[in-house]
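The primary structure of each chain is shown beneath.
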Amino acid sequence: QVQLVESGGGSVQAGGSLRLSCTVSGYAYSDYCMGWFRQAPGRELEGVAAIRTGSRATYYTDSVRGRFTISQDTAKNTLYLQMNSLKPEDTAMYYCATKTTCGLEWRNPAAFGYWGQGTQVTVSS
């Protein structure tokens, strides 16, 4: 059984930092795509970043590039999202998800088969 468990959310002031973690268990593949998505109230689920675990190729949406860094610790089966220079518009529920390949579909939440429960990030001005 595949399980993804996120942690690390919280409340910070604008300009602050948070690091989200997502630990994966039970996934049969050693080379796969892991992504971070977020959903703010009243808005659609948005792809934030993704990483291919084998090649470590990374993908970012424009609004977070240069502020967020996606990384992985393969020994711990854990994905991270380091979020710096946070803005109020980053406030959302953040989810990690996984599927077999990245590429152009990395932004598409419907392409991801396994999801974590989410962790809330709140950035105050």
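Definitions and limits used
Residues numbered from 1 in each chain as written. Predicted model: local features only at pLDDT ≥ 70, side-chain atom pairs only at ≥ 80, totals over all residues. Heavy atoms only, no water. Helix = DSSP H or I, 4+ residues; strand = E, 2+ residues; numbered from the N terminus. Buried < 20%, exposed > 50% of the residue type's maximum accessible area, 1.4 Å probe, protein only. Polar contact = N/O pair within 3.5 Å; in protein donor to acceptor, adjacent residues only side chain to side chain. Disulfide = S-S within 2.5 Å. Contact = heavy atoms within 4.5 Å.

Would you mind going over the side chain of Thr78 with me for this structure?
Mapped onto the elements, Thr78 comes out in strand E8 (residues 78–83). Under the relative-accessibility criterion, Thr78 is labelled buried at 8%. Separated by 2.9 Å, the side chain of Thr78 and the backbone oxygen of Lys76 make a polar contact.

How should I be thinking about the state of the cysteines in this particular structure?
Two cysteines whose sulfur atoms are joined by a covalent bond form what is called a disulfide. Under the definition given, this model contains two disulfides. What pairs with Cys33 in a disulfide is Cys102, and their sulfur atoms sit 2.0 Å apart. With the S-S bond torsion at 95 degrees, the cross-link from Cys33 to Cys102 turns out right-handed. Of this pair, Cys33 sits in strand E4 (residues 33–39) while Cys102 sits in the loop between strand E9 (92–99) and strand E10 (114–115), and the two are 69 residues apart along the sequence. Residue Cys102 is classed as buried on the basis of its relative accessible area, which comes to 7%. By sequence order of its bonded cysteines, the chain has the disulfide arrangement 1-3, 2-4.

I would appreciate a short explanation of the environment of Thr53 in the present structure.
Positionally, Thr53 belongs in the loop between strand E5 (46–52) and strand E6 (58–60). Residue Thr53 is classed as buried on the basis of its relative accessible area, which comes to 9%. Spatially, the C-alpha atom of Thr53 lies 21 Å from that of Gly8, the residues being 45 residues apart in sequence. Among all residues touching Thr53, those that are not within four sequence positions of it are Ser30, Asp31, Tyr32, Met34 and Gln72. In this structure the side chain of Thr53 is engaged in a polar contact, spanning 2.8 Å, whose partner is the backbone nitrogen of Tyr32.

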